[in-house]
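Read off the chains here:
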Amino acid sequence: MITKGINHLGLTVRDLDQTTAFFTELLGWKLLARDDSYPRTTVSDGTARLTLWQADRTAPMTDFDRKTNIGLHHVALEVETEDDLKALAGKIEAWPGVTMEFGPEPLGNGPRKHMMFAEPGGIRLEIIWAAGQ
């Protein structure tokens, strides 16, 4: 193989400041870069790196629909323990602008568990506890 993984994932968001705060304040990611001339930020958890781009506020925005949009379906992040998943679920549900799809529940037949939600900028996220799998 000539490639060796994903360098970063670029996502267009409804509100750059809200989404950046979600990743840095709630999830504890590090802000690596900000460029207000071409509104974007780059955030990382030390493994994954996302570049967040501000959608054009002068044009109508269309919310993501996982069944009709081509491209990104969701971003899945992993936590180390089931307790981490449960604790994070409570924080995420309380975060302004989050739309919960479902809280922690078994993934398939388990024991893995996951939850799905849209962060304030409209990106659909999944958090997974992989149960050692």
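Preceding this section is the structure that the text describes.
Residues numbered from 1 in each chain as written. Predicted model: local features only at pLDDT ≥ 70, side-chain atom pairs only at ≥ 80, totals over all residues. Heavy atoms only, no water.

1. So, the sheet that holds strand S2 (residues 30-35)
Reading across the sheet, the four strands line up as S1-S4-S3-S2 and stay open at both edges, with mixed pairing between neighbours. Of all strands in the sheet, those with a lone pairing partner are strand S1 (9-13) and S2, marking the two edges. Neighbour-to-neighbour, the strand axes of the sheet open up by a mean angle of 20°, direction not taken into account. As paired elements, S2 and strand S3 (residues 40-44) share five bridges and run antiparallel to each other. (Pairing = 2+ DSSP bridges. Helix = DSSP H or I, 4+ residues; strand = E, 2+ residues; numbered from the N terminus. Axes fitted to C-alpha atoms, helices over the stretch in contact; angles between N-to-C directions.)

2. Description of helix H2 (residues 82-94)
The terminal C-alpha atoms of H2, which comprises 13 residues, lie 19 Å apart, in line with the 18 Å expected from a rise of 1.5 Å per residue. Within H2, the full set of buried residues consists of Leu-85, Leu-88, Ala-89 and Ile-92. Each buried residue of H2 sits inside an arc of 115° when the element is viewed along its axis, so together they form one side. For H2, exposure combined with an orientation more than 90 degrees from the buried face picks out Asp-83 and Ala-94. Among the structural elements, helix H1 (16-26), strand S5 (75-79), strand S6 (99-106), strand S7 (113-118) and strand S8 (124-129) are those in contact with the buried residues of H2. (Expected span 1.5 Å × (residues − 1). Buried < 20%, exposed > 50% of the residue type's maximum accessible area, 1.4 Å probe, protein only. Arc of directions from axis to C-beta. Contact = heavy atoms within 4.5 Å.)

3. Points about a negative patch on the surface
A grouping of Glu-78, Glu-80, Asp-83 and Asp-84 is seen on the molecular surface, where their side chains present a negatively charged patch. Within the element layout of this structure, Asp-84 appears in helix H2. (Patch = residues over 30% accessible without salt bridge, like charges linked within 9 Å, V, L, I, M, F, W, Y side chains within 5 Å. Areas by Shrake-Rupley, 256 points an atom, 1.4 Å probe, with all protein chains shown as cover. Salt bridge = Lys/Arg side-chain N within 4 Å of Asp/Glu carboxyl O. Lys, Arg positive; Asp, Glu negative; His and termini not counted. Charge placed at Lys NZ, Arg CZ, Asp CG, Glu CD.)

4. Here we look at unusual backbone geometry
In this structure, Pro-111 follows Gly-110 across a cis peptide bond, with omega equal to 0°. Of note, Pro-111 is situated in the loop between S6 and S7.

5. Examining the pattern of salt bridges
In this structure the tally under the stated criterion is seven salt bridges. The partner of Glu-82 in a salt bridge is Lys-86, with the nearest N and O atoms 3.8 Å apart. Pair noted here: Glu-82 and Lys-86 are both in helix H2, with a separation of four residues, about one helical turn. Judged by relative accessible area, which is 48%, Lys-86 ranks as partly exposed.

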